[in-house]
Amino acid sequence: MIILGLDASSAVYGYCVFDTETMLPIEVGSLKLKTSKKDQSEADLYSKLETIFSFISALRIKFNPEVASIEDLFLKNVGTLETLSEVRGATRLALGGVPLVKIPTTTMKSEIGLTVALKTDRKEELVSIEKATEWTDMKGTIKTITVAKKKDLIRELKKQIVLDLVNKKFDLSLTINDESDAVAIAYTYCKKYL
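Residues numbered from 1 in each chain as written. Predicted model: local features only at pLDDT ≥ 70, side-chain atom pairs only at ≥ 80, totals over all residues. Heavy atoms only, no water.

A.B. asks: Just checking my understanding: could you explain the pattern of salt bridges for this structure?
C.D. replies: For side chains of opposite charge, pairing can occur when their charged atoms come near one another. Enumeration according to the criterion identifies six salt bridges in this entry. Where Glu111 meets Lys192, a salt bridge forms, and the shortest distance between an N and an O atom there is 3.7 Å. Taken together, the residues span a long stretch of sequence, with Glu111 in helix H3 (residues 105–112) and Lys192 in helix H7 (residues 177–193) at a distance of 81 residues. Since its relative accessible area comes to 47%, Lys192 is described here as partly exposed. Here Glu156 makes a salt bridge to Lys159, at a shortest N to O gap of 3.5 Å. Of this pair, Glu156 and Lys159 both sit in helix H6 (residues 147–170), three residues apart, roughly one helical turn. Judged by relative accessible area, which is 32%, Lys159 ranks as partly exposed. (Salt bridge = Lys/Arg side-chain N within 4 Å of Asp/Glu carboxyl O. Helix = DSSP H or I, 4+ residues; strand = E, 2+ residues; numbered from the N terminus. Buried < 20%, exposed > 50% of the residue type's maximum accessible area, 1.4 Å probe, protein only.)

Written as structure tokens, this is what we have:
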């Protein structure tokens, strides 16, 4: 059986075509959508939605998946939530009746091994971020670390660990976390529903 793993976004849309018999990805990639501060108009969003629709439609036609899995929405920012809802709508239409199953982020990260990694081999990195009182920006300026900055650093560490875990588990050399998330989403669907 072929499934799609999707990490939907209006900036970088990660995808994975996954074979459930071999439990391996067949194709992994991402659709990079033009994004800038100026890309905030309705016309720009509409153009992105058309591109996403065409891209996902082409994947559906080429691979004929039986199901698609997508990361569940978990955002607190209303504007981002609205945009991602529209991206998800374009995705659902492009799938043309292929079932779309939502995978909770925490479930995906747990299945791929993030929880274990944070308690074992990557624990020191997490502890060093939690204990940090200052950080150095790209210009070399030392700044006091805020709670918000710690959360950002921890989020980035978790993204890097998921990327590393996916690369190791599937013998890949991905560098884009949206792509590794798509693989992890497809893998989690297989582990939870098959």
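A.B. asks: Please clarify how the sheet that holds strand S5 (residues 100–103) should be interpreted in this entry.
C.D. replies: Whenever strands of a sheet pair, they do so through backbone hydrogen bonds, lying parallel or antiparallel. Pairing is mixed across the open sheet formed by five strands, whose spatial order is S3-S2-S1-S4-S5. Of all strands in the sheet, those bounded by a partner on one side alone are strand S3 (24–32) and S5. Pairs of neighbouring strands in the sheet enclose a mean axial angle of 20 degrees, with direction left out of account. With four bridges joining them, strand S4 (residues 67–71) and S5 adopt parallel strand pairing. Paired with Ile70 across the two strands is Lys102, which belongs to S5. In this fold H7 packs onto strand S1 (2–7), strand S2 (12–19), S3, S4 and S5, with an angle of close to 135 degrees to the strand it touches most, S1. (Pairing = 2+ DSSP bridges. Axes fitted to C-alpha atoms, helices over the stretch in contact; angles between N-to-C directions. Contact = heavy atoms within 4.5 Å.)

A.B. asks: Would you take a moment to explain the packing of aromatic side chains for this structure?
C.D. replies: Each aromatic ring pair is specified by the distance between its two centres and by the angle formed by the two planes. By the definition in use, this model includes four aromatic pairs. An angle of 75 degrees between the planes, with centres 5.5 Å apart, marks the rings of Phe170 and Tyr187 as edge-to-face. Placement of the pair is Phe170 in helix H6 and Tyr187 in helix H7, with a sequence separation of 17 residues. The class of Phe170 is buried, set by a relative accessible area of 8%. A residue is classified by how much of its surface remains accessible, and Tyr187, at 8% relative accessible area, is buried. Chaining the aromatic ring pairs together yields one cluster made of Phe18, Phe170 and Tyr187. (Phe/Tyr/Trp six-rings, centres within 6.5 Å; stacked < 30°, edge-to-face > 60°.)

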